[in-house]
Amino acid sequence: MLSSDIKIGLRVLVSPNQMTALVVGEPEYYTPRARLVRIKYENSTRYEYMINHQLESLPVKEQYPAHGGSHIKPEGDF
C-alpha cells in the first residue's frame, strides 16, 4: 500500500497475520522506500507499527462511512 493512500481511520488487512486493523497515525519516515504506520487491531487493545507495504486496504464497502463505506462497529467491540 502506498503511504499517500493511508489515512487515519482507514480499515486495513495486515499481511503477516491476516488480522483487520485501523490506522491511527500518519505514516512516519523509516527508510527512503518504507514508512511506519501506527495501527490498532480491531477488538483488541494492541497497537503496533507496521511497514506500509505490509498493509492492504479493505474494500470501500467495508470501510467506515467517513471513508465512503457502510461498515458500522458491532456493539461490544472496542
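Along each chain, residue indices are assigned from 1 in the same order as the chain's sequence is written. Per-residue local features are limited, in this predicted model, to residues with pLDDT of at least 70; the limit for side-chain atom pairs, both in listing and counting, is 80 or more; totals at the level of whole chains, interfaces and linings are taken over all residues. Side-chain measures here rest on the full set of heavy atoms in the structure, leaving out hydrogens and waters.

Caption draft 1: Molecular detail of the nonpolar core. Residues belong to a common nonpolar core when they are buried Ala, Val, Leu, Ile, Met, Phe, Trp, Tyr or Cys residues joined through side-chain atoms within 4.5 Å. Buried residues are those whose accessible area, probed at 1.4 Å on protein chains only, stays under 20% of the maximum for their type, while exposed residues exceed 50% and partly exposed ones sit between those limits. Counting residues in hydrophobic clusters, the biggest one holds 11 residues: Ile 6, Leu 10, Val 12, Val 14, Ala 21, Val 23, Val 37, Ile 39, Tyr 41, Met 50 and Leu 55. Per the convention used, a helix needs a DSSP run of H or I reaching at least four residues, while a strand needs a run of E reaching at least two, with both numbered from the N terminus. Those elements giving two or more residues to this core turn out to be β1 (11-14), β2 (19-23) and β4 (34-41). Among the elements that line this core, the one with the most residues is β4, at three residues. The contact definition used throughout considers only heavy atoms, calling two residues in contact when any of these lie within 4.5 Å. Residues contacting Val 23, with those up to four places away along its chain left out, are Ile 6, Lys 7, Ile 8, Gly 9, Leu 10, Val 12, Val 37, Arg 38 and Ile 39.

Caption draft 2: Local environment of the pairing of β4. We treat two strands as partners when DSSP finds at least two bridges between them. Bridging between β2 and β4 involves three bridges; their strand directions are antiparallel. Looking at β4, one finds that Ala 21 is bridged to Tyr 41. With antiparallel pairing between neighbouring strands as the criterion, strand β3 (residues 28-31) and β4 make up a hairpin whose turn holds two residues. One ladder, built from five bridges, connects β4 with strand β5 (residues 47-51); its direction is antiparallel. Residue pairing in the sheet places Val 37 in a bridge with Met 50 of β5.

Caption draft 3: Quick look at the packing of aromatic side chains. Stacked, tilted and edge-to-face pairs are distinguished by plane angle, under 30 degrees for stacked and over 60 for edge-to-face with tilted covering the rest, among Phe, Tyr and Trp rings (Trp via its six-membered ring) whose centres lie within 6.5 Å. Inspection of every chain in the model, using the stated rule, returns zero aromatic pairs. Counting as a charge over the ring demands two things of the Lys NZ or Arg CZ atom: a distance within 6 Å of the ring centre and an angle within 35 degrees of the ring normal. The ring of Tyr 64 has Arg 11 lying over it, and the distance from NZ or CZ to the ring centre is 5.9 Å.

Caption draft 4: Summary view of the pattern of salt bridges. Salt bridge, as used here, is a side-chain nitrogen of Lys or Arg placed within 4 Å of a carboxyl oxygen of Asp or Glu. Going through the model one piece at a time under the given rule, you end up with two salt bridges. With its nearest N and O atoms 2.7 Å apart, the salt bridge here joins Glu 42 to Arg 11. With a gap of 31 residues between them, Glu 42 in the loop between β4 and β5 and Arg 11 in strand β1 connect regions that are remote in the sequence. The exposure class of Glu 42 is partly exposed, given its relative accessible area of 26%. A residue is classified by how much of its surface remains accessible, and Arg 11, at 6% relative accessible area, is buried.

Caption draft 5: Geometry of the pairing of β1. As judged from the four bridges shared by β1 and β2, these two strands associate in the antiparallel manner. Directly across from Val 14, in β2, lies its bridge partner Met 19. What sits between β1 and β2 in their antiparallel hairpin is a turn of four residues, with Gln 18 showing a positive phi close to 55°.

Caption draft 6: Region of the structure containing the side chain of Gln 63. Among the secondary structure elements, Gln 63 is positioned in the segment after β6 (55-57). Under this definition, polar contacts are N or O atom pairs within 3.5 Å; protein pairs additionally need one hydrogen-donor-capable and one acceptor-capable atom, and for neighbouring residues in sequence, both atoms have to be side-chain atoms. Within the structure, Gln 63 has its side chain in polar contact with the backbone nitrogen of Arg 11 (distance 2.8 Å).

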